[in-house]
Amino acid sequence: MTWLTADPERPADVRVELTARQQKIAVPGGRAVEGYTLNGQSPGPEIRARQGELVEVEFVNEWVAAGATLHWHGIDVPNAADGVAGITQDAVPVGGRFVYRFEATDAGTYWYHSHQVSHEQVRRGMLGAIVIEPAEASIGSDSDVVALLHIYDGQHTLNGRAEDQRVAARPGATVRVRVVNTDNGTATLWSAAPFRVLAIDGTEVNAPSDVKNRRVLLAAGGRVDIAVQAPPDGATRLHLGGARSILVGDPEASEPPAPQPSDTLDLLAYGDPAPLGFDPSSPDRTFDYVIGRRFGIIDGRPGNFWTINGRMFPDIPMFHVREGDIVVIRIVNDTSETHPMHLHGHHAVVLSRDGVAASGSPWWTDTLDVFPGETYEVAFVADNPGIWSDHCHNLPHAVDGLIAHVMYDGVSTPFTINGDTGNHPE
Ligand code: C2O
Ligand code: CU
């Protein structure tokens, strides 16, 4: 897979160097914590590119003893730039570098994070936001701001600060709030004022309507872009994950918190239908991804481990596909916990949940919360050759075996997990 790269001759339009260190992170409004920084900060620098540009990130591991990588969560990069230790590269050792190159093909809100010992390195801050701005000015908002949620050692933060954030906007102006959930659990978003969900996991919703008296649930690893309108006077408060809010409008105004609505916006029926661009009704491949749990031993460690189709990691067969295939995956959650399922390198569209067909805007997702007892059918086009992780983004679950891979015919990897290499992607 090492040949699956962006055009090596093409010069970069956006160049960023990110240096990883193990050090104390300042948390304004809270207390400093031990963790991992990029260029001395966590979250790392917000990267912005315009659709069509070539992004080049030079990653330097200055002092992360276990090694580190960067994965571009939600961006359908060429496989060699996917950043998964032991699958698409070796973890970058202390003193090492790795260059990631990809075209910013799809506008949207994404994030990046380490994919080496990720349950530890992500929790402790080796992450940041990346936004791909549309080639043409976007509709539905006058300006935009990232709202990255992360819990640092019990402290709920918004863009790295343990405090609320204000966005100045004139009355009637609409701000696109790009919410990124970098934690291991579902985040809950709501507002007393009506708002719209402009995009889910980087893809625009077709004809989003006003959401009133409903909360939005955002999967761990997922993103939603929310249009918040500044009121005629004062500010609109958007609650982000229960502990933090963003206030849009008059920067001096105060706006009291609003109670959380008990009804949830159903994305299966939100917005208007539109063509998918492919026909999922007669797929080339259909796979089951049934999540269960049972007692077992992994690497000599006994415990209650997750199973996929009744099997335990690493004894989980690959999902084999061929380039051009239309693939349907049926995800079944036979456990009592929620699993935010994340497929690398592709966006899948939701076909149905518990037998109810999707009826709204095409719901394209890369990180889908599957709640206890639920069954989802999703479909994607196999248009990005490589070996791609398809795992739970509650990262402690991934460590305990909730990982499978989609593998294209004719693609293999020279990298290995565990053993002497020190690659531990989860
Ligand atoms: Cu956000 Cu496999 O990861
Ligand atoms: Cu899980």
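Residues numbered from 1 in each chain as written. Chains lettered and ligands numbered in written order. Predicted model: local features only at pLDDT ≥ 70, side-chain atom pairs only at ≥ 80, totals over all residues. Heavy atoms only, no water.

## Re the environment of R330
The topology assignment puts R330 in strand 24 (residues 326-333). Overall, R330 belongs to the partly exposed group, its relative accessible area being 32%. Separated by 215 residues in sequence, R330 and H115 have C-alpha atoms that sit 26 Å apart. (Helix = DSSP H or I, 4+ residues; strand = E, 2+ residues; numbered from the N terminus. Buried < 20%, exposed > 50% of the residue type's maximum accessible area, 1.4 Å probe, protein only.)

## Here we look at the sheet that holds strand 9 (residues 143-152)
One open sheet accounts for six strands, arranged 10-9-12-17-14-15; its pairing is mixed. Every interior strand has two partners, whereas the edge strands, strand 10 (155-158) and strand 15 (203-204), have only one. (Pairing = 2+ DSSP bridges.)

## Concerning the pattern of salt bridges
Under the counting rule described, the total for this entry stands at 32 salt bridges. E62 is the salt-bridge partner of R21, the closest N and O atoms lying 2.8 Å from each other. With a gap of 41 residues between them, R21 in strand 1 (residues 14-25) and E62 in strand 4 (residues 54-63) connect regions that are remote in the sequence. In this structure, D409 and R322 form a salt bridge, with 3.3 Å as the shortest nitrogen-oxygen distance. Placement of the pair is D409 in the segment after strand 32 (403-408) and R322 in the loop between strand 23 (319-321) and strand 24, with a sequence separation of 87 residues. (Salt bridge = Lys/Arg side-chain N within 4 Å of Asp/Glu carboxyl O.)

## A closer look at the sheet that holds strand 8 (residues 127-133)
Sheets are built from strands that pair by backbone hydrogen bonding, the pairs being arranged parallel or antiparallel. Pairing is mixed in the open sheet, where four strands are placed in the order 3-8-7-5. The open sheet has two edge strands with one neighbour each: strand 3 (47-50) and strand 5 (71-73). For this sheet the average axis-to-axis angle between neighbouring strands, irrespective of direction, equals 25 degrees. Pairing geometry for strand 7 (residues 108-113) and strand 8, over six bridges, is antiparallel. (Axes fitted to C-alpha atoms, helices over the stretch in contact; angles between N-to-C directions.)

## Focus: the side chain of N61
For N61, the location among the structural elements is in strand 4. With relative accessibility at 0%, the residue N61 sits in the buried group. Within polar-contact distance, the side chain of N61 engages the backbone oxygen of V92 at 2.9 Å. Apart from the residues within four sequence positions on either side, N61 is in contact with A20, G67, A68, V92, P93, V94, G95 and G96. (Polar contact = N/O pair within 3.5 Å; in protein donor to acceptor, adjacent residues only side chain to side chain. Contact = heavy atoms within 4.5 Å.)

## Examining the domain arrangement of the protein chain
Domain annotation of the protein chain identifies domain 1 (14-133), domain 2 (143-249) and domain 3 (285-421). Using only C-alpha atoms to locate each centre, domain 1 and domain 2 end up separated by 23 Å. Taken together, the two surfaces of domain 1 and domain 2 that pack against each other cover about 1,900 Å², and 56% of this comes from carbon and sulfur. Among the residues of domain 1 in contact with domain 2, P28, T109 and W111 are the three that bury the most area, contributing 29% of the side total. On inspection of domain 1 and its partner domain 2, the count reaches two salt bridges. Across the pair D153 and R31 runs a salt bridge, and its minimum N-O distance is 3.2 Å. Run the count over domain 1 and domain 2 and you get 12 residue pairs in polar contact (both at pLDDT 80 or more). Each residue belonging to the side of domain 1 that touches domain 2 can be placed in one class, and the counts come to 13 nonpolar, nine polar and four charged. (Domains from an automatic or database assignment. Buried area = accessible area lost by both parts, 1.4 Å probe. Nonpolar A, V, L, I, M, F, W, Y, C, P; charged D, E, K, R; others polar.)

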